[in-house]
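# Structural characterization, general
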Amino acid sequence: MSAVPDRTLARQAEMAFSRAVRALPDDALEAPSLLPGWSRATLISHVTSNAAAFSRALNGAVNGGDTAMYKDRAERDGQIKAGAELPAAQLRARSDQAAALLDSVWAGLSPEQWDLNFTSGQGAQVPLRKSVDARAREVWVHLVDLGSDAAFDDVPPEVTEAVLREVWKMWSARGAQNGLAISTLDAAGAPLVLGTPESEGTTTVSGSLGSATGWATGRTLSGVTAQRRGEAAGIPAAPDWI
């Protein structure tokens, strides 16, 4: 029998995101988020659509229907745009409702159903069990992107480490990590080095786990330093990761 995934971090993320969204005044929803070109309302709509897409895909996997989170990019973008134009009260309510629906879908899965596959937003076949960690990362990262009070140092360290490793994996898939290294501490407090700092011409970015992740995801330069060949260097711009 397959083990049922622990949903604690995902639930904590949803609660933190809901509190942050409800704490924002209505007029603050139209202010920019930390994602270039996206208002907070657009960001909230995106997080909402992501939950709804997971629910659709997981239900499809269980019931023999469509397992894709989205039909295509145009559908995804259209859903986000439509949601962002809702009145503030509806936008908040829809966000909470989508998160609650996804949690209920997860709660209804049998141990065996967690091993079924759905189709991710990138078109990959992924076991349903991986949707839990994927959603947790999504919501924690976008909590930071709201630009209210949360930073990556406020995110559970195991989530932050997972995000940082995912960014490095995405860079490595296309060679974007060349000439870069990251030096920090992992979620357990042990040294974590990504890349080869000793390589000729490599710039090593160092900082706390939260600061290093904030830099790697392109959110902030705060809290990190850079060295090349043992000497201080300018902090490079992080490559795109999505």
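Below is a short write-up of the structure. (Residues numbered from 1 in each chain as written. Predicted model: local features only at pLDDT ≥ 70, side-chain atom pairs only at ≥ 80, totals over all residues. Heavy atoms only, no water.)

Further remarks concern the packing of helix 2 (residues 40–63) against helix 5 (residues 130–145). Taken N-terminus to C-terminus, the directions of helix 2 and helix 5 make an angle of 175°; their axes are 10 Å apart at the nearest point. Comparing the axis directions of helix 2 and helix 5 gives the class roughly antiparallel. Across the interface between the two elements, L43, H46, V47, N50, A51, F54 and L58 from helix 2 touch S131, A134, R135, E138, V139, H142 and D145 from helix 5. Of the residues belonging to the contact of helix 2 with helix 5, the class tally is 7 nonpolar, 4 polar and 3 charged. (Axes fitted to C-alpha atoms, helices over the stretch in contact; angles between N-to-C directions. Helix = DSSP H or I, 4+ residues; strand = E, 2+ residues; numbered from the N terminus. Parallel < 35°, antiparallel > 145°, perpendicular 65-115°, else oblique. Contact = heavy atoms within 4.5 Å. Nonpolar A, V, L, I, M, F, W, Y, C, P; charged D, E, K, R; others polar.)

Tracing the backbone through its elements, the reader meets T202 in the loop between strand 4 (191–194) and strand 5 (203–207). Discounting residues that sit within four places of it in the chain, T202 has contacts with G179, L180, A181, T196, P197, Q227, R228 and R229.

Inspection of the sheet shows strand 5 paired to strand 6 (residues 224–228) by 5 bridges, in the antiparallel sense. By the bridge assignment for strand 6, S206 is matched with T225. Across 2 bridges, strand 6 lies against strand 7 (residues 231–232) in antiparallel orientation. Counterpart to Q227 in the pairing with strand 7 is A232. If you look at the hairpin formed by strand 6 and strand 7, you'll find 2 residues sitting between the two strands, and R229 has a positive phi there, around 55°. (Pairing = 2+ DSSP bridges.)

Hydrogen bonds between backbone groups are what pair the strands of a sheet, and the pairing can be parallel or antiparallel. The strand order across the open sheet built from 5 strands is 4-3-5-6-7, with neighbouring strands paired in mixed fashion. Strand pairing shows two members of the sheet lacking a second neighbour, strand 4 and strand 7, which therefore form its edges. Against the sheet, helix 6 (residues 157–174) makes contact with strand 3 (180–185) and strand 4, and its axis sits at roughly 170° relative to strand 3, the strand it touches most. This element, helix 7 (residues 209–216), spans strand 3, strand 5 and strand 6 of the sheet and lies at about 150° to strand 3.

What follows is about helix 1 (residues 8–23). Because an α-helix packs 3.6 residues into every turn, residues spaced three or four apart end up facing the same way. For helix 1, which comprises 16 residues, the first-to-last C-alpha distance of 23 Å matches the rise-based estimate of 22 Å (1.5 Å per residue) to within 8%. Among the residues making up helix 1, those that are buried are A10, A13, E14, A16, F17, S18, A20 and V21. Elements in contact with the buried residues of helix 1: helix 2, helix 4 (88–107) and helix 5. (Expected span 1.5 Å × (residues − 1). Buried < 20%, exposed > 50% of the residue type's maximum accessible area, 1.4 Å probe, protein only.)

Glancing now at the packing of aromatic side chains. Under the criterion given, the structure shown has 3 aromatic pairs. Look at F54 and F118: their rings are 5.9 Å apart centre to centre, the planes differ by 70°, and that puts the pair in the edge-to-face class. With a gap of 64 residues between them, F54 in helix 2 and F118 in strand 1 (residues 117–119) connect regions that are remote in the sequence. Here the two residues F54 and F118 agree in accessibility, since each one is buried. With 5.8 Å between their ring centres and 80° between their planes, W171 and W215 make a pair best called edge-to-face. Here W171 is found in helix 6, whereas its partner W215 is found in helix 7, with 44 residues between them in sequence. A connected cluster of aromatic rings, assembled from ring pairs, spans W168, W171 and W215. (Phe/Tyr/Trp six-rings, centres within 6.5 Å; stacked < 30°, edge-to-face > 60°.)

Bringing the nonpolar core into the picture now. L58, L146, W171, I182 and W215 are the most contacted members of the largest nonpolar core, which totals 63 residues. Elements represented by at least two residues in this core include exactly helix 1, helix 2, helix 4, helix 5, helix 6, strand 3, strand 4 and helix 7. If you tally residues by element for this core, the top one is helix 2, at 10 residues. For W171, the residues in contact, after removing those within four places along its chain, are A176, Q177, L180, I182, W215, A216, A238, P239, D240 and W241. (Core = buried A, V, L, I, M, F, W, Y, C linked by side-chain atoms within 4.5 Å.)

Counting through the fold element by element, T42 comes out in helix 2. The contacts of T42, once residues within four sequence positions are left out, are I80 and A84.

Turning our eyes to something else, we now look at the environment of A31. Among the structural elements, A31 can be located in the loop between helix 1 and helix 2. C-alpha of A31 to C-alpha of A16: the two residues are 15 residues apart in sequence and 20 Å apart in space.

Attention now moves to the environment of A232. In this fold, A232 is placed in strand 7. When neighbours within four sequence positions are excluded, A232 is seen to be in contact with A226 and Q227.

Moving on, we come to the environment of S18. Inspection of the secondary structure puts S18 in helix 1. Polar contacts involving the side chain of S18 include one to the side chain of D96, which spans 2.8 Å. (Polar contact = N/O pair within 3.5 Å; in protein donor to acceptor, adjacent residues only side chain to side chain.)

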